[in-house]
Amino acid sequence: MIKSLLIANRGEIAVRIIRSCRDLGIHSVVTYSTADKESLAVKMADEAVCIGPAASSQSYLNWRNIIAAACLKRCDAIHPGVGFLSENADFAKETEEAGLIFIGPRPETIALLGNKIIARNTALSCNLPITPGSTEAVLSLKEALATAKTIGYPIILKAACGGGGRGMRIVTKESQLEQALQIAKKEALAFFGDGTVHMEKYLQNPRHLEIQLLSDGQGTVVHLGERDCTVQKNHQKLFEESPTPVLDEKVRQQMCQDSVNLFIKLGYRGAGTVEYLYDNEHYYFMEVNARLQVEHPVSELVSGIDLIKAQIAIAEGKPLGYTQKDVLLRGHSLECRLNGVTAGVIKKLVFPSGPSVRVDTYLREGSTLSSYYDPLIAKIIVYTQNRDESLAVMKRALQEVCVEGIETNLDQQKLILESTMFRSGRFGTDLYERVCPEEEKKSNG
Ligand code: ADP
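Residues numbered from 1 in each chain as written. Predicted model: local features only at pLDDT ≥ 70, side-chain atom pairs only at ≥ 80, totals over all residues. Heavy atoms only, no water.

Q: Can you explain the layout of surface pockets? Please cite residues and give values.
A: By volume, the second largest pocket amounts to about 290 Å³. Lining the second largest pocket are 16 residues, and of these Glu38, Ser39, Leu40, Ser367 and Thr368 sit closest to its centre. The class makeup of the residues in the lining of the second largest pocket is 4 nonpolar, 5 polar and 7 charged. Residues lining the lining of the second largest pocket come from more than one domain, with at least three contributed by each of domain 1 (4-103) and domain 3 (207-443). (1 Å grid on protein atoms, 1.4 Å probe; cavity = no way out; pocket = protein on both sides within 12 Å on 5 of 7 lines; lining within 4 Å. Points joined across faces, edges and corners; volume = space filled by probe spheres on them. Nonpolar A, V, L, I, M, F, W, Y, C, P; charged D, E, K, R; others polar. Domains from an automatic or database assignment.)

Q: Can you break down the environment of Asp248 residue by residue, with the values?
A: Note on placement: Asp248 falls in the loop between strand S13 (239-242) and helix H9 (249-266). Placed 33 residues apart in sequence, Asp248 and Glu281 show a C-alpha to C-alpha distance of 8.8 Å. Within polar-contact distance, the side chain of Asp248 engages the backbone nitrogen of Lys250 at 2.9 Å. (Helix = DSSP H or I, 4+ residues; strand = E, 2+ residues; numbered from the N terminus. Polar contact = N/O pair within 3.5 Å; in protein donor to acceptor, adjacent residues only side chain to side chain.)

Q: Can you lay out helix H13 (residues 410-418) for me, pointing to particular residues and giving the numbers?
A: For H13, the full list of buried residues reads Leu410, Gln412, Gln413, Ile416 and Leu417. Considered in projection along H13, the buried side chains sweep an arc of 160 degrees and stay on one side of the axis. (Buried < 20%, exposed > 50% of the residue type's maximum accessible area, 1.4 Å probe, protein only. Arc of directions from axis to C-beta.)

Q: Before we move on, could you go through the packing of aromatic side chains and cite the residues and values that matter?
A: How two aromatic rings sit relative to each other is set out by the distance from centre to centre and by the angle between their planes. Tallying each qualifying case throughout the model produces 10 aromatic pairs. Aromatic side chains Tyr60 and Tyr373 sit 5.6 Å apart centroid to centroid with 80 degrees between the ring planes, which places their arrangement in the edge-to-face category. Pair noted here: Tyr60 is in the loop between strand S3 (47-52) and helix H3 (63-72) and Tyr373 is in the loop between strand S20 (368-369) and strand S21 (376-384), with a separation of 313 residues, a long-range link. Among the aromatic side chains, those forming a connected cluster through ring pairs are Tyr60, Phe84, Tyr372 and Tyr373. (Phe/Tyr/Trp six-rings, centres within 6.5 Å; stacked < 30°, edge-to-face > 60°.)

Q: Run through the sheet that holds strand S8 (residues 197-201), naming residues and quoting values.
A: Paired through their backbone hydrogen bonds, the strands of a sheet run either parallel or antiparallel. Pairing is antiparallel in the open sheet, where 3 strands are placed in the order S7-S6-S8. Every interior strand has two partners, whereas the edge strands, strand S7 (168-171) and S8, have only one. The sheet shows a mean angle of 25 degrees between the axes of neighbouring strands, taken without regard to direction. Across 4 bridges, the pairing between strand S6 (residues 155-159) and S7 is antiparallel. From the neighbouring strand, Lys158 faces S7, where its bridge partner is Met168. Lying over the sheet, helix H7 (residues 141-151) contacts S6 and S8, oriented at roughly 20 degrees with respect to S8. (Pairing = 2+ DSSP bridges. Axes fitted to C-alpha atoms, helices over the stretch in contact; angles between N-to-C directions. Contact = heavy atoms within 4.5 Å.)

Q: Pulling in residues and values, what's your account of the sheet that holds strand S2 (residues 27-33)?
A: One open sheet accounts for 5 strands, arranged S3-S2-S1-S4-S5; its pairing is parallel. The open sheet terminates on both sides in strands that have one partner only, identified here as S3 and strand S5 (101-102). Its contacts with the sheet put helix H1 (residues 11-24) on strand S1 (4-7), S2 and strand S4 (77-79), and the angle it makes with S1 is roughly 175 degrees. Packed on one face of the sheet, H3 meets S1, S3 and S4 and runs near 150 degrees to S3.

Q: Could you give an account of the nonpolar core, naming the residues involved and the relevant values?
A: Counting residues in hydrophobic clusters, the biggest one holds 90 residues, and the most contacted among them are Leu5, Ile78, Phe91, Leu214, Phe239, Ile416 and Phe422. If you count residues domain by domain, this core takes at least three from each of domain 1 (4-103) and domain 3 (207-443). Those residues in contact with Phe91 that sit more than four places away from it in its chain are Ala8, Trp63, Ile66, Ile67, Ile78, Pro80, Leu85 and Phe102. (Core = buried A, V, L, I, M, F, W, Y, C linked by side-chain atoms within 4.5 Å.)

Q: Outline the site of the ligand, supporting the account with residue identities and numerical values.
A: Taken together, 20 residues form the shell around the ligand, and within it Lys116, Gly165, His208, Gln232 and Glu287 come nearest. Contacts to the ligand include Lys158, whose side-chain N or O atom sits 2.9 Å from a nitrogen atom. Its free accessible area being 550 Å², the ligand has 95% of it covered by the protein chains. Sorting the residues of the shell around the ligand by element identifies S6, S8, strand S14 (269-279) and strand S15 (282-289) as the ones contributing at least two each. Among the residues making up the shell around the ligand, the classes are represented as 6 nonpolar, 7 polar and 7 charged. (Near = heavy atom within 4 Å. Areas by Shrake-Rupley, 256 points an atom, 1.4 Å probe, with all protein chains shown as cover.)

Q: Break down the packing of H1 against helix H11 (residues 307-315) for me, citing the residues and quoting the values.
A: Between H1 and H11, whose axes approach to 9 Å, the crossing angle comes to 65 degrees. Crossing angle aside, the handedness with which H1 passes H11 is right-handed. Counting all contacts with H1, which are made through Arg16, Ile17, Ser20, Asp23 and Leu24, the residues of H11 involved are Leu307, Ile308, Lys309 and Ile312. A per-class count over the contact of H1 with H11 returns 5 nonpolar, 1 polar and 3 charged. (Left-handed = near helix turned anticlockwise from the far one by under 90°.)

Q: Run through the packing of helix H12 (residues 387-400) against H13, naming residues and quoting values.
A: In contact at an axis separation of 11 Å, H12 and H13 are set at 160 degrees when each is read in the N-to-C sense. For the element pair H12 / H13, the angle class is roughly antiparallel. As for how H12 packs across H13, the hand of that crossing is left-handed. The segment H12 lies against H13, with Leu391, Met394, Lys395, Leu398 and Gln399 engaging Leu410, Gln413, Lys414, Leu417 and Glu418. For the contact of H12 with H13, a count of residues per class yields 5 nonpolar, 2 polar and 3 charged. (Parallel < 35°, antiparallel > 145°, perpendicular 65-115°, else oblique.)

Q: So what about the pattern of salt bridges? Which residues, and what values?
A: Tallied over the full model, the rule gives 30 salt bridges. The shortest N-O distance in the salt bridge between Lys318 and Glu316 comes to 2.8 Å. For Lys318, a relative accessible area of 36% corresponds to the partly exposed category. Through salt bridges with shared partners, a single ionic network connects Glu210, Arg227, Lys237, Glu240, Glu275, Glu295 and Arg337. (Salt bridge = Lys/Arg side-chain N within 4 Å of Asp/Glu carboxyl O.)

Right, dumping it as structure tokens:
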């Protein structure tokens, strides 16, 4: 049994984890950097430990300090949240070696899935369709040219160990490949400490769909249906919804079953997500995120399952206690990410409330949105009977939002929400540039 849990994260996810701890009667200890001294998570947690200065490399990524803090505070377990150390296999391993429970998949599973090439091959061995492209690292220009010729341009070069929408390079014609390969390898090494890259066919304007799974590591794997995360800006998700407006039931079932099969093959333990691209009624495996995701609330709402409590129970070694037939997916949920465009002190802050609305945030009036970290201000999530109702409730919710003192993406999010394209449900990853062409131009310099 976990009695005391250290949260190795910050922001809204730290607050979210504290809330589940409270429900479970678990003592929460949050880590914080000097920049987060006044944060809501620090105020809410039962205890807080400063682990370093503002720069995440010296605080939220400083895993030796974090493990030492957990031992010092006599915690039984560490929850890594999302981002930061959540997919760091060494951190998971060291946590376990220090005699603590790591709330997440086994370190070996994280290591395996952290490499997109190995993940693609594992998916292939389970007969999952993968995006056309290489199943090995692209080493030489000669190899790259040959592979690109077989799959056809445009192609995308990806850092095998990449993540967070970074380390990807699109190549539209052969003459660009040499330079792009050099840059991709260099960037992969600089960002992720590993210069390995692979190549995939670049699908034009696909949809991003992903399946949420829970696996107790004792033989029971369930899926909580899909999330549609097609609305993106520079590969960063902006709106997420469940269910998607595009899948027919047969394809949905197949995608879910493929994902379950993959998790069974992996002997996966914990919560995880299988990401796919969907194009012309076909889906292609992209990768597995061996952790909780930012957009997890939409799955929580349609399934009625608290994913953090589930993660904790699995980490304690408990069996799931239910099977797929017990998972009832109902209604529709939509999440809008409210991001800061500039950092600074938030002078005025009003969030929506009322029927069908949930707000996951860590900021209050007078708080500072720090320039050191992810600019997420809040996730505004609605849960209703169907997509049309969610659109209407989200419109009402966004109308209630007021942020003064910093610039936000609220106006763009409203534009997207009210666009005919988004409302029709028929769009691909280029929705943002179509609906906000001016913003798109600005952000691309
Ligand atoms: P990360 O691990 O950095 O999040 P992903 O592999 O999950 O990267 O891809 C993020 C996004 O990049 C996708 O949602 C999609 O918009 C785009 N993308 C990735 N691979 C392809 C591809 N082969 N074709 C078209 N778009 C792609």
